[in-house]
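Here's the letter readout for the chains.
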Amino acid sequence: MTLFKKYPFFAFLVIATDAIAIVSSFVLAYKIRFSGILIPINKGVASFEGYLQAMAVVVPIYLIFFRFYGLYQPERHVRRIYELLNLVKAVTLATLCLMALTFIYRDYSYSRIVFLLAWLLLIFAGCLGRYFLIQLEYLLRQHKARRKVLLIGANRNSRDLIKWAKENPHYGQDIIGILSNDHEVGKHFEKISILGSLNNFGKILEEHQIDEVIVTD
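Below or above, wherever it landed, is the structure these notes cover.

What counts, and at which threshold
- Residues numbered from 1 in each chain as written.
- Predicted model: local features only at pLDDT ≥ 70, side-chain atom pairs only at ≥ 80, totals over all residues.
- Heavy atoms only, no water.
- Phe/Tyr/Trp six-rings, centres within 6.5 Å; stacked < 30°, edge-to-face > 60°.
- Helix = DSSP H or I, 4+ residues; strand = E, 2+ residues; numbered from the N terminus.
- Buried < 20%, exposed > 50% of the residue type's maximum accessible area, 1.4 Å probe, protein only.
- 1 Å grid on protein atoms, 1.4 Å probe; cavity = no way out; pocket = protein on both sides within 12 Å on 5 of 7 lines; lining within 4 Å.
- Points joined across faces, edges and corners; volume = space filled by probe spheres on them.
- Nonpolar A, V, L, I, M, F, W, Y, C, P; charged D, E, K, R; others polar.
- Axes fitted to C-alpha atoms, helices over the stretch in contact; angles between N-to-C directions.
- Parallel < 35°, antiparallel > 145°, perpendicular 65-115°, else oblique.
- Left-handed = near helix turned anticlockwise from the far one by under 90°.
- Contact = heavy atoms within 4.5 Å.
- Expected span 1.5 Å × (residues − 1).
- Polar contact = N/O pair within 3.5 Å; in protein donor to acceptor, adjacent residues only side chain to side chain.
- Pairing = 2+ DSSP bridges.
- Salt bridge = Lys/Arg side-chain N within 4 Å of Asp/Glu carboxyl O.

**Considering the packing of aromatic side chains**
Here comes step 1: Going through the model one piece at a time under the given rule, you end up with nine aromatic pairs.
Here comes step 2: On the basis of an interplanar angle of 65° and a centroid distance of 6.1 Å, the ring pair of Phe26 and Tyr62 is categorised as edge-to-face. Here Tyr62 lies in helix α3 (residues 48-68) and Phe26 lies in helix α2 (residues 8-33), a separation of 36 residues in the sequence. The same class applies to Phe26 as to Tyr62, namely buried.
Here comes step 3: When the centroid spacing of 5.5 Å and the interplanar angle of 85° are considered together, the rings of Phe68 and Tyr69 count as edge-to-face.

What follows is the structure, given as structure tokens:
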């Protein structure tokens, strides 16, 4: 059972956090651009309502790019640093796409500087939001959304996995047993019980309600 399926609010929280980061970045970018403090205003102040109305298009485009880069997959089998790098790529491509659209749409003149500032701000806000969400995910996995893992094979790979699971409890994986044809049932391998042989695979899955199986041979 994935974290998103067990805790649907977490999936909503991820998307909501991204949406808030997008809108906040554009609002702040608008304020910085037209405050006159950092950048001189030569052509007047653009209407804030025009940018606010554009969020109805801007937010979905960013979310689509986020989805394209796999940022909303229930189980993201990538290192967290690569997830943040994918976020940067998604923000960059979405911003370029929106800037291209402003050349086509002529009913309102959008400042390119606002988009560039929003790009920088959204990278920062998006990475910061994702960092806290990752910590929340670790917390949920460590205390709530734990997964029962069954290993097939008792060898060096199994020993390394058992050690890793013990040293990284925030990933929420509990190795509850091992299936092995070379060890007697009831014995232990690295303090993990030998539950049976491969012939007992289906029975063990059902009895222990296994969430994940790892073949180590």
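**So, empty space enclosed by the protein**
Here comes step 1: As enumerated under the stated definition, the model contains two cavities of 30 Å³ or more in all.
Here comes step 2: If you add up the space inside the second largest cavity, you get close to 30 Å³.
Here comes step 3: Among the secondary structure elements, those contributing two or more residues to the lining of the second largest cavity are α2 and α3.
Here comes step 4: The greatest single-element share of the lining of the second largest cavity, amounting to four residues, is contributed by α3.
Here comes step 5: For the lining of the second largest cavity, a count of residues per class yields seven nonpolar, no polar and no charged.

**Topic: the packing of α2 against α3**
Here comes step 1: Where α2 meets α3, the closest approach of the two axes is 10 Å, and the angle between their N-to-C directions is 140°. In this view, α2 runs oblique relative to α3, as classed from their interaxial angle. Read as a crossing pair, α2 and α3 show a hand that is right-handed. Here Ile15, Asp18, Ala19, Ile22, Val23, Phe26, Val27 and Tyr30 of α2 come into contact with α3, specifically with Phe48, Tyr51, Met55, Val58, Val59, Tyr62, Leu63 and Phe66.
Here comes step 2: A class-by-class count of the residues in the contact of α2 with α3 yields 15 nonpolar, no polar and one charged.

**A look at helix α6 (residues 156-167)**
Because the α-helix completes a turn every 3.6 residues, residues three or four places apart line up on one side.
Here comes step 1: The end-to-end C-alpha separation of α6 is 17 Å, in line with the 16 Å expected for 12 residues at 1.5 Å each.
Here comes step 2: Considering only its buried residues, α6 is in contact with β1 (147-152), β2 (173-179), β3 (188-189) and β4 (192-196).
Here comes step 3: Measuring from the side-chain oxygen of the N-cap residue of α6 to the backbone nitrogen of Asn157 gives 3.0 Å; that N-cap residue is Asn155.

**Quick word on the sheet that holds β1**
Here comes step 1: As summarised here, the arrangement of the five strands in space is β3-β4-β2-β1-β5, forming an open sheet in which the pairing is mixed. Each edge of the open sheet is held by one strand with a lone partner, namely β3 and β5 (212-215).
Here comes step 2: In the packing of α6 onto the sheet, contacts are made with β1, β2, β3, β4 and β5, and the angle to β2 comes to roughly 155°.
Here comes step 3: In the packing of helix α7 (residues 201-208) onto the sheet, the strands contacted are β1, β2, β4 and β5, and the crossing angle to β1 comes to about 165°.

**Overview of the packing of α3 against helix α4 (residues 80-104)**
Here comes step 1: Remark: α3 packs on α4, axes separated minimally by 9 Å, with the N-to-C direction vectors making an angle of 140°. With respect to each other, α3 and α4 are oriented oblique. At the point where α3 passes α4, the crossing takes the right-handed sense. Note on element contacts: α4 touches α3 through Leu87, Ala90, Val91, Leu93, Ala94, Thr95, Cys97, Leu98 and Leu101, opposite Val58, Ile61, Tyr62, Phe65 and Phe66.
Here comes step 2: Here the residues of the contact of α3 with α4 sort into 13 nonpolar, one polar and no charged.

**Observations regarding the pattern of salt bridges**
Here comes step 1: Scanning the model with the defined rule gives five salt bridges in all.
Here comes step 2: Note that Glu190 is salt-bridged to Arg159, the shortest N-O span being 2.9 Å. Here Glu190 is found in the loop between β3 and β4, whereas its partner Arg159 is found in helix α6, with 31 residues between them in sequence.
Here comes step 3: Overall, Arg159 belongs to the partly exposed group, its relative accessible area being 36%.
Here comes step 4: The structure contains a network of salt bridges with shared partners spanning Asp18, Glu83 and Arg130.

Coordinates in, geometry out; function isn't part of it.
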